[in-house]
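Each chain, written out:
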Amino acid sequence: MAERPYIVGNWKMFGTRAMLSEARAIDRAAQRYMKVEVAVAPPYTLIHAVHREAEQIGVGAQDCHPGAEGPHTGDINAAMVADAGAKFVIVGHSERRQDHGETNELINAKIDSAIEAGLRVILCCGESLETRDAGDAEAFVLGQIKSALGSFEDPAERLTIAYEPIWAIGTGRTATSADIEAMHKAIRGLLDETYGPDASADVRILYGGSVKPGNAKEILSLPEVGGALVGGASLSAESFLGIVVAASETEDA
Ligand code: PEP
């Protein structure tokens, strides 16, 4: 399994400059938990400011346009977020798939552009409750990953997968440990098959969906769970750091 647990805060469409004090608090405290890799993805408007605050934590973007510079009003591309200080980009979040109709093909193009810009990629995947209830969750999630990755190479350096069942995001519901374990194992199997076990071993598979200080240790201790993508609980330094502490107490840390 790959190196340190990876705890990533996804601030979504939350945060003005008033949030910089939270970023500072997260960064300073993260320096006490060096066995955990900590990062946040603020809205575009705060990337540069958080980057300037950050001595320890990584800073990333929540999305990017797949194209080069051009006439795309309101869009921001991978080179631009890298220039602002982002080191990674989240792609394929279910909220973008839902709100903006993003397809796996588009997500694949975003991954290519992110790699071209020198960014690491966190690829999100996850099924709806209907898909899970129909017994199709695993096939659906593996299908999402396969088509979004396309001919992606060099996974160890660049790739993180985040498994986030849609019905667990922002709802207070988490998947059962057995469900998380089974899906992470299936994703690992796909990565092994695609890249070979050596290269795949360095790709962390995060879990996301209502992770909080109270449930983090149990989730983070599951086999093949290499960290967490955290939405709501990343908006306050106190709750986010509770998850970082839990990660530091797991055996792999
Ligand atoms: C997310 O949006 O990536 C997420 C996991 O959100 P939450 O932690 O709020 O469920």
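Refer to the preceding data block for the structure.
So, here's what we can say about the structure. Because the structure is predicted, anything quoted here is derived from the model rather than measured.

### Re the site of the ligand
Now for step 1: Taken together, 14 residues form the shell around the ligand, and within it Lys-12, His-93, Glu-164, Gly-170 and Ser-210 come nearest.
Now for step 2: Glu-164 places a polar side-chain atom, nitrogen or oxygen, 2.7 Å from an oxygen atom of the ligand.
Now for step 3: Calculation on the ligand without its partners gives an accessible area of 290 Å², and the protein chains cover 97% of this total.
Now for step 4: Among the residues forming the shell around the ligand, the class breakdown is four nonpolar, eight polar and two charged.

### As for the pattern of salt bridges
Now for step 1: Taken as a whole and assessed by the stated rule, the structure comprises 15 salt bridges.
Now for step 2: Between Glu-95 and Lys-12 there is a salt bridge, and its shortest N-O distance comes to 2.8 Å. Here Glu-95, found in helix H4 (residues 94-100), pairs with Lys-12, found in the loop between strand S1 (6-10) and helix H1 (20-30); they are 83 residues apart in sequence, far enough to count as distant.
Now for step 3: Note that Lys-110 and Asp-63 form a salt bridge whose closest N and O atoms lie 2.7 Å from each other. Of this pair, Lys-110 sits in helix H5 (residues 104-116) while Asp-63 is found in the loop between strand S3 (58-61) and helix H3 (78-84), placing the two residues 47 residues apart along the sequence.
Now for step 4: On the basis of relative accessible area, Lys-110 is assigned to the buried category, the value being 3%.
Now for step 5: The buried category is assigned to Asp-63, whose relative accessible area is 7%.
Now for step 6: One network of salt bridges, with partners in common, ties together Arg-24, Asp-27, Arg-28, Glu-53 and Glu-55.

### Points about the packing of H1 against helix H12 (residues 237-248)
Now for step 1: Where H1 meets H12, the axes come as close as 9 Å, and the angle between the chain directions of the two elements is 25 degrees. Taken together, the axes of H1 and H12 are roughly parallel relative to one another. The chirality of how H1 crosses H12 is right-handed. Note on element contacts: H12 touches H1 through Ala-237, Phe-240 and Leu-241, opposite Glu-22, Ala-25, Ile-26, Ala-29 and Ala-30.
Now for step 2: Each residue belonging to the contact of H1 with H12 can be placed in one class, and the counts come to seven nonpolar, no polar and one charged.

### Topic: the sheet that holds S3
Now for step 1: Strand order around the closed barrel formed by eight strands is S1-S2-S3-S4-S5-S6-S7-S8, with parallel pairing between neighbours. Averaged over neighbouring strand pairs, the angle between their axes works out to 25 degrees when direction is ignored.
Now for step 2: Sheet topology note: the strand S6 (residues 159-163)/strand S7 (residues 204-208) ladder contains four bridges and is parallel. Along S7, the bridge assignment pairs Ile-161 with Ile-205.
Now for step 3: Running at roughly 150 degrees to S7, helix H9 (residues 177-195) makes contact with strand S5 (120-125), S6 and S7 of the sheet.

### Points about unusual backbone geometry
Now for step 1: Unlike most non-glycine residues, Lys-12 shows phi in positive territory, near 50 degrees.
Now for step 2: You can call Lys-12 buried: its relative accessible area is 16%.
Now for step 3: For Ser-210, which is not glycine, the phi torsion reads 55 degrees and is therefore positive.
Now for step 4: Within the fold, Ser-210 resides in the loop between S7 and helix H11 (213-220).
Now for step 5: The exposure class assigned to Ser-210 is buried, which follows from its relative accessible area of 11%.

### Details of a negative patch on the surface
Now for step 1: Where like charges cluster on the molecular surface, the negative patch consists of Glu-153, Asp-154, Glu-157, Asp-198 and Asp-202.
Now for step 2: Along the polypeptide, Glu-157 turns up in helix H8 (residues 155-158).

About the thresholds
Residues numbered from 1 in each chain as written. Predicted model: local features only at pLDDT ≥ 70, side-chain atom pairs only at ≥ 80, totals over all residues. Heavy atoms only, no water. Near = heavy atom within 4 Å. Polar contact = N/O pair within 3.5 Å; in protein donor to acceptor, adjacent residues only side chain to side chain. Areas by Shrake-Rupley, 256 points an atom, 1.4 Å probe, with all protein chains shown as cover. Nonpolar A, V, L, I, M, F, W, Y, C, P; charged D, E, K, R; others polar. Salt bridge = Lys/Arg side-chain N within 4 Å of Asp/Glu carboxyl O. Helix = DSSP H or I, 4+ residues; strand = E, 2+ residues; numbered from the N terminus. Buried < 20%, exposed > 50% of the residue type's maximum accessible area, 1.4 Å probe, protein only. Axes fitted to C-alpha atoms, helices over the stretch in contact; angles between N-to-C directions. Parallel < 35°, antiparallel > 145°, perpendicular 65-115°, else oblique. Left-handed = near helix turned anticlockwise from the far one by under 90°. Contact = heavy atoms within 4.5 Å. Pairing = 2+ DSSP bridges. Patch = residues over 30% accessible without salt bridge, like charges linked within 9 Å, V, L, I, M, F, W, Y side chains within 5 Å. Lys, Arg positive; Asp, Glu negative; His and termini not counted. Charge placed at Lys NZ, Arg CZ, Asp CG, Glu CD.

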